[in-house]
Amino acid sequence: MPSLLLVDDRPQNLLALQAILEPLGYDLVSADSGAEALRALLHRDDFAVILLDVQMPDLDGFEVAEVIKQRERTSMIPIIFLTALSKEERHVFRGYEVGAVDYVFKPFDPEILRAKVAVFVELWEKNQQIHLQAELIAEQELAELRRASAERYRQLADAMPQIVWTSDNVGNATYYNRRWFEYTGMTDREVDATAWSRVTHPDDLPEAIARREQTLADGSVFEVEYRFRSADGTYRWHLGRALPIRDDAGEIDFWIGTATDIDDRKRIEEAQRFLLDAGGKLSLSLDWHAGLQEVAKLAVPRVADWCAVHLLEEDGTIATLALEHANPAKLVFAQELQERYPPDPANDRGAAAVIRSGEAQLLPEIPADAFANAARDELHQELLRELGIRSFLCVPIAARGQTLGAITFVTAESGRRFDEADLRMAEELALRVAAVVENAQLYEEVERRARAARALETIADGVVLLDNDERILLWNNAAEAMTGLAAAHIIGKPAREALPGYADHVVEVDVDGRPQTVPLEINGRELWLSFSAVRFEEGTVYAFRDLTEERVLEQMRSDFVATVSHELRTPLAAIYGAAVTLRRADLDLGEEMRDRLLEVVADESDRLAQIVNDVLLASHLDSGQLQLRIETVDATKVTETVIDAARTHLPEGVTLTLRAAKRLPPVAADEQQLRQVLVNLVENAVKYSPDGGPVEVKVSRGERGVRWAVSDRGLGIPASERRRVFEKFYRLDPNMTRGIGGTGLGLYICRELVRRLDGRIWVEGNEANGANGHGSGSTFFIEIPVADRPPAKKRPAKTAA
């Protein structure tokens, strides 16, 4: 309905205008001032005519008209001036100048006013019709353009290799391009608003739906990776992406999206990740069998539905190391199937054929007759069909030119088909497995050699390895310890130059014969070494052990037997001579002679008993059988008894004195064994004073107990021999002792007894007067701990040091 704006400052005039124009049936809008009229025009600009009074306070009609014509939206509205004042031409001209289309004077004829208004209203209506027709034409042209554009869009979308789709603002699909139908195999009748969800992989569908709901809610870009099922039932990875298309109001009008096939890239990325992860599993341990089992678990379902690892046994049979599937029920079924039908090495299909030939097998699609050819019977064929195998890939595992087994990948329910890229991935995996196997074998070999080397380094026998040029390649720790020859100084050198005595003795050792003991002079020491030799392709190995101490002990035993025999022979000869003399009836022995002979028998018997006792005591000390009775012993008193006993049979010219400090503390000792030590020391001092002289026994307080010092002025002991006099069976050179004999056990017994009393014993030389640095006698010292607390009744003797 046309609208008229009536502007007059007098209400009665407005009322008159409304009464005149009401019969026309137009929408009448009244304004009682110029400002009110301008406010009305700010809210709406669809007035057909404005009837404007000229004479108004504040803003007159001319000023209001100027403002109206200045605004673009209201400049085309016709203005009719109404006035009851001047009819001068200048006023009329001014009205037309500011944009009036007519000038009506009051009082006016209602019919004339209605006619004029009707003309302008008719003109407005015609303009409105023209505008409406123009809009309709524009809309039709736009619709045609849109149709043409949509057709071009469809043609472009159909030509694209990607899947293209559109959906409404709530996500219901409204269009799929030709690639969709080609890929999915769907028909127009099968496609509906949710067709995409029926071809999305079940594992990927929840994430895709969740992401789609999020983008519909917040208007963000939709992007997700999922697998679409193709017409042949296999799944391929796609990148789905959709953008919202908004209208002029900014609201989402519809969505346009694409699905780009990224399966090749995904499979390459997955293969690379799988190879990295598999390499990590294989490198965790040198046990490559366990590594292969972990790889089989890793492969399912990342690159296959099934994965099996078979190994060739030494007897030619094929064993299953690993068999994996994501479905436990199917895995159990396959394991039972393999137990019933184990791999046949003679089979020309599968892992057995790959292991036998060393060549990979790739079957992207299992032929219809594959199960019939691979099965051993009808039941086996039926069971194989139940597995639903669709694609097969098997590669050999080879290391050092020998086929060790095979890795098999199989697809079934996933619908995936293996191709050349998968074959390359599997071959790369087999190479990595082979590298791990070789490393494990090399490590095992190195470890075996290292164990052998460690054994050579730790065994007590010396080992020396010579090459065929007699150059030293190995000299173990024991060899270095025995000979004192450092390995760093002799390895790499000829044995004839680096090893003293090699050319004279070692080279003569029988190869692969019995051990031979040879003497070697090394760094001033004579070593007796027992050598055995073994020759091999790269040289000769000598093993030797040090028999120097055994030889010395053997010599000492030999000397001891000779010495004891000699020492026993002397008293036995005297006893035998005296006894024979006493038994002779042809001799008239006086009473004095008879007593002297009996005294000889008694004295030599005592000497014989002493020798036997020393030997037995030494044996008990060596075996640890000697039991000591530790008690509180008066040091002065026990010494006095020893001195008194010794004085009864002192040789002529020898004096024996005792110097004991006052108030000496008691010692913790076995009194009998302490007396034995003192007796041995005093008797030695007397025996080795053949020219007579003083023998003094001094008892005093020492550093760690009570100290005894037995000193003589006899033959003495050279400084170089003082350390050895306490050794078992050791005796000084007879030339130094003027032929004074002995068993070599006395000082050894003293040392061992003192040690068992927790004491110490040593010898020092007196001031040298002789040309040989000895001859002024020696002083033997012993120290025994003070009895500061009640000792135990008995304790076992310690093993000899």
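Residues numbered from 1 in each chain as written. Predicted model: local features only at pLDDT ≥ 70, side-chain atom pairs only at ≥ 80, totals over all residues. Heavy atoms only, no water.

J.: Just give me the short version of unusual backbone geometry, but keep the residues and values in it.
T.: Geometrically, the link from Val-300 to Pro-301 is a cis peptide bond, its omega value of 0° lying close to zero. Note that Pro-301 resides in helix α10 (residues 288–302). Here Arg-400, not a glycine, exhibits a phi torsion of approximately 55°, which is positive. Tracing the chain through its elements places Arg-400 in the loop between β14 (391–399) and β15 (402–411). Taking relative accessible area as the criterion, Arg-400 reaches 52% and is therefore assigned exposed. (Helix = DSSP H or I, 4+ residues; strand = E, 2+ residues; numbered from the N terminus. Buried < 20%, exposed > 50% of the residue type's maximum accessible area, 1.4 Å probe, protein only.)

J.: Hey, could you go over the sheet that holds strand β2 (residues 27–31) for me, with residue numbers and the actual values?
T.: What the five strands build is an open sheet, ordered β2-β1-β3-β4-β5; its pairing is parallel. The open sheet terminates on both sides in strands that have one partner only, identified here as β2 and β5 (100–105). Averaged over all pairs of adjacent strands, the angle between strand axes in this sheet comes to 20°, irrespective of strand direction. As defined by bridge partners, strand β3 (residues 47–53) adjoins strand β4 (residues 79–83) across four bridges and the pair is classed as parallel. Paired with Asp-53 across the two strands is Leu-82, which belongs to β4. Packed on one face of the sheet, helix α2 (residues 34–43) meets β1 (3–7), β2 and β3 and runs near 160° to β1. (Pairing = 2+ DSSP bridges. Axes fitted to C-alpha atoms, helices over the stretch in contact; angles between N-to-C directions. Contact = heavy atoms within 4.5 Å.)

J.: Lay out the sheet that holds strand β19 (residues 525–536) in plain terms, naming residues and giving numbers.
T.: Read across the sheet, five strands follow the order β17-β16-β20-β19-β18 without closing on themselves; strand pairing throughout is antiparallel. Edge positions in the sheet fall to β17 (472–475) and β18 (516–522), since each of these pairs with one other strand and no more. Across this sheet, the average inter-strand angle for adjacent strands is 30°, counted without regard to direction. With three bridges connecting them, strand β16 (residues 462–467) and β17 associate as antiparallel partners. Bridging across to β17, Leu-465 finds its partner in Leu-474.

J.: Talk me through the confidence of the model for the protein; I want residue IDs and the actual numbers.
T.: The predicted model of the protein averages 81 in pLDDT, with 85% of residues at 70 or higher. The low-confidence segment residues 768–774, where pLDDT is below 50, has seven contacts with residues more than four positions distant or belonging to other chains. Low pLDDT (under 50) marks residues 791–801, which in the prediction has 31 contacts with non-local residues, meaning those over four places away or in another chain. (pLDDT = per-residue confidence, 0-100.)

J.: Quick rundown of the nonpolar core? Include the residues and the values.
T.: Among the nonpolar cores identified, the biggest contains 45 residues, and Val-667, Leu-674, Leu-681, Val-682, Trp-708, Ile-782 and Ile-784 are the most heavily contacted of them. By residue number, the principal contributor to this core is helix α22 (residues 671–687), which donates seven residues. If we skip the residues at most four places from it in the chain, Val-667 touches Glu-631, Thr-632, Val-633, Ala-635, Leu-674, Val-706, Trp-708, Ile-784, Pro-785, Val-786 and Ala-787. (Core = buried A, V, L, I, M, F, W, Y, C linked by side-chain atoms within 4.5 Å.)

J.: So, helix α8 (residues 205–218): which residues are in play, and what are the values?
T.: For α8, which comprises 14 residues, the first-to-last C-alpha distance of 20 Å matches the rise-based estimate of 20 Å (1.5 Å per residue) to within 8%. The first or second residue beyond α8 is Gly-219, which carries a positive phi of 75°. (Expected span 1.5 Å × (residues − 1).)

J.: Outline the state of the cysteines, supporting the account with residue identities and numerical values.
T.: A full pass over the atoms with the stated rule returns zero disulfides. The thiol sulfur of Cys-394 is not disulfide-bonded, and the nearest other cysteine sulfur, from Cys-307, lies at 9.8 Å. (Disulfide = S-S within 2.5 Å.)

J.: Describe the packing of aromatic side chains, with residues and values.
T.: One pass over the structure, following the stated rule, counts nine aromatic pairs. Plain terms: the ring middles of Phe-531 and Tyr-542 are 6.3 Å apart, the flat faces sit at 80° to each other, and that makes the pair edge-to-face. In this pair, Phe-531 sits in strand β19 while Tyr-542 sits in strand β20 (residues 539–546), placing the two residues 11 residues apart along the sequence. Here Phe-531 and Tyr-542 have matching classes, each one buried. What links up through ring pairs into an aromatic cluster is the set Trp-475, Tyr-502, Phe-531, Tyr-542 and Phe-544. Looking at Arg-212, its charged tip hangs above the ring of Phe-222, at a distance of 5.4 Å from the centre. (Phe/Tyr/Trp six-rings, centres within 6.5 Å; stacked < 30°, edge-to-face > 60°. Lys NZ or Arg CZ within 6 Å of the ring centre and 35° of its normal.)

J.: Before we move on, can you summarise helix α12 (residues 350–357) with the specific residues and values?
T.: With six of eight residues buried, α12 lies mostly within the body of the structure. Restricting attention to buried positions, one finds in α12 the residues Gly-350, Ala-351, Ala-352, Ala-353, Val-354 and Ile-355. Just past α12, the residue Gly-358 takes up positive phi, approximately 75°.

J.: Could you give me a rundown of a negative patch on the surface, with the residues and numbers involved?
T.: On the surface, Asp-247, Asp-248, Glu-251 and Asp-253 cluster together into a negatively charged patch. Taking the relative accessible area as the measure of exposure, Asp-247 reaches 36% and is therefore partly exposed. (Patch = residues over 30% accessible without salt bridge, like charges linked within 9 Å, V, L, I, M, F, W, Y side chains within 5 Å. Areas by Shrake-Rupley, 256 points an atom, 1.4 Å probe, with all protein chains shown as cover. Salt bridge = Lys/Arg side-chain N within 4 Å of Asp/Glu carboxyl O. Lys, Arg positive; Asp, Glu negative; His and termini not counted. Charge placed at Lys NZ, Arg CZ, Asp CG, Glu CD.)

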